[in-house]
Amino acid sequence: MRWSSLLLGCALAAAESPEALFTSHCAGCHGPKGNGGKGANLAVPRLMRASTDEALFNVIAYGIAGTEMPASRMTDEEAWVLVGYVRSLGRVAPQAGPGDALRGEKLYRRENCEMCHTIRGYGGPIGPDLTEIGARRSAAYLRTSLVDPEAAIPDNFVFYRRIIFLPDNFLQVRIVTQDGRRITGVRLNEDPFSIQIRDYSSQFHSFLKSELKELHKDWGKSPMSSYAKIYSREELDDVVAYLVSLRGDR
Amino acid sequence: MRPVLALIGMACCAQVPYDRIRQADAEPGNWLTYSRTYSGQRHSPLKQITAANVHRLKPVWMYQVNDLAQFETTPLVVDGIMFISEPPSNVTALETRSGRPLWAYRRSLPPDPRVCCGQVNRGLTMLGDRLFVGTVDAHLLALDSKTGRVIWDMEVADYRSGHSVTVAPLAVKDKVIVGIAGGEYGIRGFIDAYDAKTGRRVWRFWTVPGPGEPGHETWAGDSWKTGSAATWVTGTYDPELNLVYWGTGNPGPDYNGDVRQGDNLYSCSLVALDAETGKLKWHFQFTPHDTHDWDSNHVPVLIDGAGGRKLVIVANRNSFYYVLDRATGKFVRGVPYARQTWAKGLDDNGRPMVLPNTEPTLQGTLVYPGLHGGTNWYSPAYSPDTRLFYVAVREEGTVYHVATPQYRPGRYFAGGGPRGIPGVEPGGSVKALRVETGETAWEFPLHSPPWAGLLSTAGGLVYGGTNEGIFFALDASSGKPLWRFPTGGPVLANPMSYTSEGKQYVAVAAGHALFAFAVD
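Residues numbered from 1 in each chain as written. Chains lettered and ligands numbered in written order. Predicted model: local features only at pLDDT ≥ 70, side-chain atom pairs only at ≥ 80, totals over all residues. Heavy atoms only, no water.

### A closer look at the overall build of chain B
In terms of helices and strands, chain B carries two helices and 38 strands. When the backbone C-alpha atoms are referred to their principal axes, chain B occupies close to 65 × 50 × 45 Å. Here chain B, with 520 residues, has 70% of them falling under the buried criterion. Excluding contacts between residues fewer than 6 apart, the proportion of contacts in chain B whose partners are at least 24 apart in sequence is 59%. Of the roughly 16,600 Å² of accessible surface on chain B, 52% is carried by carbon and sulfur atoms. Across chain B, the mean location of the 48 positive side-chain charges is 3 Å away from that of the 48 negative side-chain charges. (Helix = DSSP H or I, 4+ residues; strand = E, 2+ residues; numbered from the N terminus. Buried < 20%, exposed > 50% of the residue type's maximum accessible area, 1.4 Å probe, protein only. Contact = heavy atoms within 4.5 Å. Areas by Shrake-Rupley, 256 points an atom, 1.4 Å probe, with all protein chains shown as cover. Lys, Arg positive; Asp, Glu negative; His and termini not counted. Charge placed at Lys NZ, Arg CZ, Asp CG, Glu CD.)

### Some words on helix 8 (residues 233-245) of chain A
One turn of the α-helix equals 3.6 residues, which is why residues spaced by three or four share an orientation. Residue and element names in this part refer to chain A. Helix length check: helix 8 (13 residues) gives 19 Å between terminal C-alpha atoms against 18 Å at 1.5 Å per residue, within 8%. Taken as a whole, helix 8 has its buried residues at Leu236, Asp237, Asp238, Val239, Val240, Ala241, Tyr242 and Leu243. In this fold, the buried residues of helix 8 make contact with helix 5 (101-110), strand 1 (118-119), helix 6 (133-136) and helix 7 (139-147). (Expected span 1.5 Å × (residues − 1).)

### Focus: the confidence of the model for chain B
Of the residues in chain B, 98% reach a pLDDT of 70 or more, and the chain-wide mean stands at 95. Listed scores for the predicted complex are pTM 0.90 and ipTM 0.89. (pLDDT = per-residue confidence, 0-100.)

### Notes on the state of the cysteines
This model, assessed by the stated rule, comprises one disulfide over all chains. Residue pairing for Cys116 of chain B: its cysteine sulfur links by disulfide to Cys117 of chain B, the two sulfurs lying 2.1 Å apart. Judged by the sign of its S-S torsion, about -100°, the cystine formed by Cys116 of chain B and Cys117 of chain B is left-handed. You'll find Cys116 of chain B and Cys117 of chain B in the same group, each marked buried. Distance from the sulfur of Cys113 of chain A, which forms no disulfide, to the nearest cysteine sulfur (Cys116 of chain A) is 8.6 Å. A relative accessible area of 14% means that Cys113 of chain A is categorised as buried. (Disulfide = S-S within 2.5 Å.)

### Overview of empty space enclosed by the protein
According to the stated counting rule, one finds nine cavities of 30 Å³ or more in the structure shown. Here the lining of the largest cavity is built from residues that sort into 14 nonpolar, nine polar and eight charged. (1 Å grid on protein atoms, 1.4 Å probe; cavity = no way out; pocket = protein on both sides within 12 Å on 5 of 7 lines; lining within 4 Å. Points joined across faces, edges and corners; volume = space filled by probe spheres on them. Nonpolar A, V, L, I, M, F, W, Y, C, P; charged D, E, K, R; others polar.)

### Thoughts on the nonpolar core
All names here are of chain B. Membership of the largest hydrophobic core comes to 119 residues, with the highest contact counts inside it found for Met82, Phe83, Leu131, Tyr390, Tyr463, Tyr498 and Leu514. Counting residues per element, this core draws most heavily on strand 38 (residues 513-519), which supplies seven residues. Beyond its immediate stretch of four places on either side in the chain, Tyr390 contacts Pro380, Ala381, Ser383, Lys431, Ala432, Trp442, Leu454, Ser456, Val462 and Ala476. In terms of nonpolar packing, the next biggest core, distinct from the first, is built from 25 residues, Leu270, Val314, Phe331 and Leu346 among them. (Core = buried A, V, L, I, M, F, W, Y, C linked by side-chain atoms within 4.5 Å.)

### Re the sheet that holds strand 2 (residues 57-64) of chain B
Within a beta sheet, neighbouring strands are joined by backbone hydrogen bonds and run either parallel or antiparallel to one another. Residues and elements named next belong to chain B. In space, the four strands of this open sheet follow the order 2-38-37-36, with antiparallel pairing throughout. Every other strand in the sheet has two partners, leaving strand 2 and strand 36 (496-500) as the edge strands with one partner each. Along the sheet, successive strands turn relative to each other by an average axial angle of 30°, direction set aside. Note: strand 36 against strand 37 (residues 503-510), five bridges, orientation antiparallel. Within strand 37, the residue paired with Met496 across the bridge is Ala507. (Pairing = 2+ DSSP bridges. Axes fitted to C-alpha atoms, helices over the stretch in contact; angles between N-to-C directions.)

### Topic: the pairing of strand 21 (residues 320-325) of chain B
Residues and elements named next belong to chain B. Across the six residues that make up strand 21, a large majority, six, are buried. Burial of strand 21 is two-sided: the residues Phe320, Tyr322 and Leu324 facing one way and the residues Tyr321, Val323 and Asp325 facing the other way are all buried. Bridge count for strand 20 (residues 310-315) against strand 21 is five bridges, and the pairing is antiparallel. Paired with Ile313 across the strands is Val323, a residue of strand 21. The loop that links strand 20 with its antiparallel partner strand 21 comprises four residues; one of these, Ser319, has a positive phi angle of about 80°. Across five bridges, strand 21 lies against strand 22 (residues 331-336) in antiparallel orientation. Across the sheet, Phe320 pairs through a bridge with Pro336, a residue of strand 22.

### Some words on unusual backbone geometry
Residues and elements named next belong to chain B. A cis amide bond links Gly252 to the next residue, Pro253, at an omega of -5°. Residue placement: Pro253 occurs in the loop between strand 16 (243-247) and strand 17 (269-274). Located in the positive-phi region is Asn264, a residue other than glycine, with phi close to 65°. Position of Asn264 relative to the elements: it lies in the loop between strand 16 and strand 17. Look at Asn264 and you get buried, because its relative accessible area is 0%. Residue Glu501 is not a glycine yet carries a positive backbone phi of 50°. Taking relative accessible area as the criterion, Glu501 reaches 49% and is therefore assigned partly exposed.

Here's what the structure looks like:
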């Protein structure tokens with residue numbers, strides 16, 4: 001086994017029961033019961049990134065490149081204990097929420113959510129792809145995303161990353177070019193000399209920083225506004241139920 | 001093909017006796033040791049590439065490696081032949097003008113080396129007609145520089161207990177000096193010297209003193225047995241004082257100091273050793289009782305101060321810049337050069353005045369610098385022309401967590417772990433420090449905390465690299481960016497410069513390739 005981990009995991013557990021391992025290594029992102037938070041919902045029968053136990057072991061041991069999932073610093077034995085524990089989470093029947101997924105799908109379309117989000121290849125690239133969002137995120141997290149989007153922005157910096165190859169996800173940037181053009185969009189990449197942006201009409205832009213008059217980074221801002229007042233309470237339940245139903249397998 | 005053949009002809013007789021390394025300034029077109037000279041300045045006297053023509057610098061050749069671990073080598077160049085190490089523990093000879101391989105040594109490794117942060121190798125040293133390289137299974141090898149054939153192979157330590165050799169060794173007189181890695185595995189650190197001819201170990205300096213030795217009292221109970229203080233970055237040497245200078249790493253376990261009460265000598269220190277005997281001449285501890293993983297594994301840079309005073313300067317992982325008298329180890333000056341929130345300052349002896357509530361906790365304690373420090377293992381550079389000290393600086397904090405460590409041989413032994421700071425994007429810069437005061441003369445901002453070293457040249461340039469793969473040249477006096485090239489892979493190594501047939505090249509490892517640049 002190679003130990004060429006580029007990312008550092010969290011604190012090592014003193015005790016080594018499966019629950020203690022999960023609590024110290026995983027629960028911070030995946031939730032205390034593994035049903036999702038900033039990290040994927042693990043309490044599902046089929047894990048998208050880990051269809052076999054071997055694949056799940058590799059995810060735990062080496063992380064997932066290009067995502068917030070870091071390589072762990074546990075021993076192989078501990079990682080295998082966690083494989084078993086994570087599988088057991090998926091055997092819990094998912095709790096039925098109060099909403100109606102079919103009504104939720106109509107409400108999703110009513111508000112043109114597909115302008116920014118893609119489901120199964122249909123929609124825009126501004127926000128996160130939602131094709132598998134029900135397997136990735138818990139109902140509670142999805143509800144927060146709808147009513148308070150800025151409380152649920154993915155944050156790559158929660159984990160310590162040894163080498164930073166890609167910048168934070170979904171950072172809104174506003175620029176003014178030397179020739180007076182104004183562009184607002186999501187940062188795709190950046191280095192000391194250049195920045196790459198996708199604007200809200202899905203156009204790519206790449207600028208040398210020397211071509212910019214102003215560069216603002218809107219940390220903590222989301223281009224998505226709150227839907228707390230747009231959807232009624234029942235409608236919110238329905239939209240959450242629809243999102244929870246999106247598991248990438250239909 | 002004729003020139004290549006002629007060069008191979010030269011290489012068959014290449015000899016690098018100690019005096020050549022000692023007088024490396026007499027042959028600026030070669031790069032005979034890790035930092036080019038024993039002083040560790042990583043400054044090249046070559047000046048064909050200047051601020052006026054660097055815009056014409058272009059890649060001339062690339063050499064790609066087959067291993068996906070970080071590529072951290074500093075090449076050596078001797079009379080037209082370049083010698084590089086490749087991850088995990090391989091060596092290749094390349095012709096310097098064409099980049100064509102001449103021979104390759106490929107080590108077969110056990111399946112389970114214990115390396116905390118990637119199966120890497122940072123370079124080689126040469127003495128006579130032999131190359132010396134360490135391995136991730138903790139051996140030291142002597143290779144025939146003509147063929148890459150193994151002449152001798154010595155076990156430095158048992159890899160199964162967490163030891164590895166990732167450092168470029170340092171040849172001094174008839175000896176090869178080498179350090180050890182394993183600071184996250186509870187090893188007991190040391191610096192070794194081997195007879196270059198036979199491979200016999202001549203001396204060992206334990207960086208954690210044993211019972212009865214001075215400094216042993218700075219470790220509570222049996223904690224010295226797992227005290228770490230690893231030695232994984234190449235030191236420097238002063239031939240007049242006959243002293244070897246070498247940095248030491250964090251005490252083990254990294255984040256839990258309760259189990260090792262005391263200053264924990266000689267962790268997080270600079271030690272000066274007699275090159276003949278390995279006896280300690282002096283030590284200076286930058287971070288007593290460290291709990292933030294602030295290894296002092298840096299190249300200690302030897303410079304002349306006012307009135308010819310022999311100094312050693314270090315930009316430390318703990319975010320302070322230090323000037324020491326290298327004959328005595330006496331503290332001369334120390335100031336912060338990067339963001340830090342852990343010390344009120346340094347006292348008259350250079351000891352940090354530590355602020356309360358900066359220890360790792362169960363809930364997490366936010367401290368600057370982060371575990372990877374204000375800078376890290378990669379080399380700084382010093383230019384005698386500008387009298388500026390160039391440092392690639394990391395602006396990054398860490399939320400430090402503590403845990404109860406459990407020692408098992410060969411297993412990760414950190415006693416805690418790091419988290420990032422939610423919503424705070426880490427950054428970095430290249431800073432030019434005035435050596436006398438530590439003040440920042442100029443600063444060039446980077447997008448993310450760097451992992452690449454710097455090279456200064458008499459052409460008035462400073463070369464560096466970024467995680468995003470940009471290799472760049474700055475004006476050494478002003479920091480103004482003058483040239484850059486996107487290599488397509490993160491730069492995690494130190495640049496160097498050499499000549500081939502009289503023409504200056506600059507070389508650096510980036511991504512999984514070595515790049516050589518020249519002005520056409």
